[in-house]
Amino acid sequence: MPEKTAKTAAKATAQKTVASKVAAKTAPKAAAPAPKAAVKPAAKPVAAAPRVEEPKKVVTQRQGFKANEFVVYPAHGVGQILAIEEQEIAGAKLELFVISFMKDKMTLRVPTAKVANVGMRKLSDPALVKKALETLKGRARVKRTMWSRRAQEYEAKINSGDIVAIAEVVRDLYRSESQPEQSYSERQLYEAALDRLSREIAVVQHSTETEAIKEIESQLAKSPRRGAAKAEAGAEDGDSEGDADDLDGDSDDATVADEAA
């Protein structure tokens, strides 16, 4: 009997040992998946963050300009955005405005990020166009300086893209039939300013350039001094030239300086 009891006790001890080993093996397997499940959700928000920022960057670079829109490029005047395209230059992607200047038969590509630097702008609103037309009726203001310096100032105004500044150039260089003729360089600057002004007015008012030029010339004819010059057209040549404009004798000097150049 003692021997059977000892065997029974040994078997019980062996069974407990086996049970404890089985419990030890199964416990880690149940706890192991918990760390894997915690790692997966953390990776998703990181990939989604850049996608939200990209569209905002594009809108800022384009400055609100759209395809098929008419714009004013200071160095060339009124043009139309045909498309917005991407090009790869030196391994980097560059977004460009494709601008057409139909009258000049020219196409220009301008980086969207550079439009502010080059001074590209939207068309003037009707109120600003009206102000430019009112400017044409004012008295011509011509400084008593060398023609070369005045010519530089006129060119700067024309290439500024400011419609009122361009109207000032047209006003100051305009000559009616009763006034002294312009020099060649004066005529060139006048025609450049008139072309820029008439193009923008035509697009804003949905008219033709010919109609815009007629409107500009009708405003120029309303200048008080030019009206007086027309009334005295039958007077002596010397008197009519003296009343024609505020040139103060600058016209002859300008012509001489231009020919010397």
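Basis of the calculations
- Residues numbered from 1 in each chain as written.
- Predicted model: local features only at pLDDT ≥ 70, side-chain atom pairs only at ≥ 80, totals over all residues.
- Heavy atoms only, no water.
- Core = buried A, V, L, I, M, F, W, Y, C linked by side-chain atoms within 4.5 Å.
- Buried < 20%, exposed > 50% of the residue type's maximum accessible area, 1.4 Å probe, protein only.
- Helix = DSSP H or I, 4+ residues; strand = E, 2+ residues; numbered from the N terminus.
- Contact = heavy atoms within 4.5 Å.
- Polar contact = N/O pair within 3.5 Å; in protein donor to acceptor, adjacent residues only side chain to side chain.
- pLDDT = per-residue confidence, 0-100.
- Phe/Tyr/Trp six-rings, centres within 6.5 Å; stacked < 30°, edge-to-face > 60°.

Moving on, we get to the nonpolar core. Formed by 28 residues in total, the largest nonpolar core has its most connected members in Leu136, Val170, Leu197 and Ile216. Elements represented by at least two residues in this core include exactly helix H4 (126-136), helix H5 (147-158), helix H6 (163-173), helix H7 (184-205) and helix H8 (209-220). No other element matches H7, which puts eight residues into this core. Residues in contact with leucine 197, not counting those within four places in the same chain, are Ala132, Leu136, Ile163, Ile166, Ala167, Val170 and Ile216.

Next up on the list: the environment of aspartate 125. Structurally, aspartate 125 is set in the loop between strand S5 (121-122) and H4. The class for aspartate 125 is partly exposed, based on a relative accessible area of 44%. Between the alpha carbons of aspartate 125 and glutamine 205 there is a distance of 9.7 Å; along the sequence they are 80 residues apart. Of note is the side chain of aspartate 125, whose polar atom sits 2.8 Å from the backbone nitrogen of leucine 128.

This brings us to the side chain of aspartate 172. Here aspartate 172 shows up in helix H6. Aspartate 172 gets classed as buried once you look at its relative accessible area, which sits at 3%. Of the polar contacts made by the side chain of aspartate 172, one reaches the side chain of arginine 171; its length is 2.9 Å.

This prediction gives the chain a mean pLDDT of 75; 62% of its residues lie at or above 70. Note that residues 54-59 has pLDDT below 50 and, in this model, two contacts with residues that lie over four places away or in other chains.

Attention shifts here to the packing of aromatic side chains. Overall, the coordinates contain four aromatic pairs when judged by the stated rule. On the numbers, 5.9 Å between centres and 80° between planes, the contact of phenylalanine 65 with phenylalanine 97 is edge-to-face. Taken together, the residues phenylalanine 65 in the loop between helix H2 (33-62) and strand S1 (70-73) and phenylalanine 97 in strand S3 (residues 92-101) connect sequence positions 32 residues apart. Classification of phenylalanine 65 by relative accessible area gives buried; the value is 6%. Centre to centre, the rings of tyrosine 73 and phenylalanine 101 are 6.4 Å apart; their planes meet at 70°, and the pair counts as edge-to-face. Within this pair, whereas tyrosine 73 is found in strand S1, its partner phenylalanine 101 is found in strand S3, the two being separated by 28 residues in sequence. For the pair tyrosine 73 and phenylalanine 101, one class covers both residues: buried.

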